[in-house]
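Chains, contacts and geometry: an overview
Single-letter residue listing:
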Amino acid sequence: MDEPEAGLNFHEFELDERLLRDIARLGWISPTLVQEKALPFLLEGKDVLIRARTGSGKTAAFAIPIIQNVLRRKGEATVRDTSVLVMAPSQDLCHQITKVFADLTYSCGALVRVVDLSSKEERGTHRHLLAERPDIVVSTPARLRTVLTDGTLNVRESLRCVTIDEADLMFSFGFEKDLKAVLKHFPPVHQSVLCSATLEEDVAMLKKMILHNPVILKLEEPQLAVGSQLTHYQIEAEETNKAAILYTVMKLKLIQGKCIIFVKSVDRCYRLKLFLEQFGIRSCILNSELPIKIRCHTVNQFNQGIYDTIIASDELIAENPTLVQTKNAKKPTTKQLLQPKESESSVSRGIDFQCVSCVVNFDFPSDLNSYIHRAGRTARGSNNGSVLSFVSANESQLKERVEEFLQSLSGDHQFVMKNFNFNFDEVEAFKYRAKDAWRAITKLSIREARIKELKMEMFNSEKLKSFFEENPRDLHTLRHDRPLHTVHVQDHLGDVPEYLVPPALKPMVAIMNAKRKRKFEEKKAATKKRITKADNPLLVGGLDYKI
């Protein structure tokens, strides 16, 4: 089968004007490689298996033809029916996919309806959402199985397209039985699409179950961005020095732009946040224990640039990559199988962190795949990025495996990790400050910080749920980088005295301190102005009013 010509633009695919308008509104000038190759086959209605690396634009590759075909059918029939099902292995991915559909149907108004069933809501809520027969339903297989089994959703006559995203994770997330049950409710003829970052055994099984004479797009592109687009650095550091190095490079702006810091546990997330908080460095935790709406809101605020540093963990994958069923053990539930993987999927897999300049492996990943997926959070699309990894003595073998992989991408030594030149002799004073701050964080302070944040987010998601649904702008203003205040913060540590700064970096730090001082003076002046106005009754509507 001939492949489509290279170098096509979106308008050359004869897409609906409304769809082209939304593509332009999103700033997409030309299709990525996977979009360029997949769109013609998907628009023709062929079954397709797409294998492309993370960050390559797979979601838009299947979303654009789905919307185009829905709009085309709308012109042929006035009956509203659910014609498209999209499945993903986690709530986070379902929410992200729904957002892509919402962005691409902005100009369609109420003509194209999209519903996300992945959230843990009551059956009555799902029944209400499906009563109007949305055109596109996004869900995890387990949720979809529920509504198909109880008759809330019936697609035997209306279904035209089924898409499964992150197909390589479906079975490992415990969805095999759900998928087999869901397939029984599908009509014999429909278009099927599988999207995956890998072509492993699980994907081959799904291919046999779902696809019929498919087009297989195995794009010849490396698993990570190559060349100057993505630079890999490593620095040898033991536990006692990691925090000091991170504090120093962040405070001296040796790391610039938006940054994701990976650690090996949720406790380490809070320890690192409390540590950076002592030096006035704002950060936010992407905690898998918090509700899905809070996690998505955190990612959205990071993407919007409200804060630049996010701390994340994939601890459960590192500690328990598979759940092995022993002879006498009870069979694990779907929830048990899902929870470990969902944590990792929320961070290392699938979720679209936008414009990430740097990924920091504060704790070196436990295997090669984890490194690939972490590094894949940066250098997405045409953006450049870098990865800085802290490597301790007992992690040297893991690092060597990663270096061998990077070298194999092109057979060139340029992909071996570069040494991050860091002279501790020049920043010895930073080291003493960092060690004191690190020691100040106790297990009790971490526990209190976790409890405090969980209580606050529970209040936000439950007590004010209806209010925020009616006032989405107020939800947008929620901040997830607020100080936890379970460790005493000394304000003077936020400044970097000139005598601590290496000579080569003094001009840069002087500018930083000047900006900080100016912001402080502006805040002080604004506060003084408000107090003056309150004390003067003539300034308050001419009334004799005083606060």
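Our structure is the block above this text.
A brief structural summary. (Residues numbered from 1 in each chain as written. Predicted model: local features only at pLDDT ≥ 70, side-chain atom pairs only at ≥ 80, totals over all residues. Heavy atoms only, no water.)

On to the overall build of the protein chain, then. Scanning the protein chain for helices and strands turns up 20 helices and 14 strands. Buried residues in the protein chain amount to 51% of all 547 residues. Taking the intrachain contacts of the protein chain between residues at least 6 apart in sequence as the baseline, contacts between residues at least 24 apart amount to 78%. Put simply, the protein chain shows about 27,400 Å² of open surface, and 51% of that area lies on carbon and sulfur atoms. (Helix = DSSP H or I, 4+ residues; strand = E, 2+ residues; numbered from the N terminus. Buried < 20%, exposed > 50% of the residue type's maximum accessible area, 1.4 Å probe, protein only. Contact = heavy atoms within 4.5 Å. Areas by Shrake-Rupley, 256 points an atom, 1.4 Å probe, with all protein chains shown as cover.)

One finds I50, F62, I64, I66, V86, F101 and F353 to be the most contacted residues of the largest nonpolar core, which totals 69 residues. Here this core takes nine residues from helix α3 (residues 58-74), the largest share from any one element. Not counting chain neighbours up to four residues away, the residues in contact with F62 comprise L42, V86, I97, F101, T163, D165 and C195. Among the nonpolar cores identified, the runner-up in size contains 42 residues, and A243, F430, A437 and I446 belong to it. (Core = buried A, V, L, I, M, F, W, Y, C linked by side-chain atoms within 4.5 Å.)

A few words now on the side chain of T248. For T248, the location among the structural elements is in helix α9 (residues 239-251). Looking at T248, its side chain comes within polar contact range of the main-chain oxygen of A244, at 2.7 Å. Residues in contact with T248, not counting those within four places in the same chain, are F422, V427 and F430. (Polar contact = N/O pair within 3.5 Å; in protein donor to acceptor, adjacent residues only side chain to side chain.)

Attention shifts here to the sheet that holds strand β5 (residues 161-164). Across the sheet, which stays open at both edges, the seven strands sit in the order β3-β4-β2-β5-β6-β1-β7 with parallel pairing between neighbours. Because the sheet does not close on itself, it has two edges, and the strands there are β3 (114-116) and β7 (215-218). On average, adjacent strands in this sheet sit at an angle of 10° to one another, irrespective of strand direction. Where strand β1 (residues 48-51) and β7 come together, four bridges link them in parallel fashion. By the bridge assignment, I50 is partnered in β7 with L217. (Pairing = 2+ DSSP bridges. Axes fitted to C-alpha atoms, helices over the stretch in contact; angles between N-to-C directions.)

Looking now at the packing of helix α7 (residues 176-183) against helix α8 (residues 201-210). For the pair α7 and α8, the least separation of the axes is 11 Å and the interaxial angle reads 15°. Comparing the axis directions of α7 and α8 gives the class roughly parallel. Read as a crossing pair, α7 and α8 show a hand that is right-handed. Only M205, L206, M209 and I210 of α8 make contact with α7, whose side of the interface consists of E176, L179, K180 and L183. In terms of residue class, the contact of α7 with α8 is built from six nonpolar, no polar and two charged. (Parallel < 35°, antiparallel > 145°, perpendicular 65-115°, else oblique. Left-handed = near helix turned anticlockwise from the far one by under 90°. Nonpolar A, V, L, I, M, F, W, Y, C, P; charged D, E, K, R; others polar.)

With that settled, consider the pairing of strand β9 (residues 258-263). By the criterion of burial, β9 is predominantly enclosed, with six of the six residues buried. Of the two faces of β9, the one holding K258, I260 and F262 and the one holding C259, I261 and V263 are both buried throughout. Taken together, the five bridges between β9 and strand β12 (residues 356-361) define a ladder with parallel strand orientation. Following the sheet pairing, I261 is matched in β12 by V360. Relative to strand β11 (residues 309-313), β9 is paired through five bridges, and the arrangement is parallel.

So, on to the pattern of salt bridges. It is possible for side chains bearing opposite charge to pair when their charged atoms get close. Evaluated as defined, the whole model comprises 15 salt bridges. In this structure, D16 engages R18 in a salt bridge whose closest nitrogen and oxygen atoms are separated by 2.9 Å. For R18, a relative accessible area of 26% translates into the label partly exposed. D103 is the salt-bridge partner of K99, the closest N and O atoms lying 3.1 Å from each other. With K99 and D103 both in helix α4 (residues 91-104), this residue pair falls four residues apart, about one helical turn. Judged by relative accessible area, K99 falls into the partly exposed class, the value being 42%. D103 gets classed as partly exposed once you look at its relative accessible area, which sits at 22%. Salt bridges sharing partners connect three or more residues here, namely E239, K242, R268 and D363. (Salt bridge = Lys/Arg side-chain N within 4 Å of Asp/Glu carboxyl O.)

Looking now at the sheet that holds β11. Taken in spatial order, the seven strands make up an open sheet running β10-β11-β9-β12-β13-β8-β14, and their pairing is parallel. Lying at the two open borders of the sheet, with one neighbouring strand each, are β10 (284-286) and β14 (418-419).

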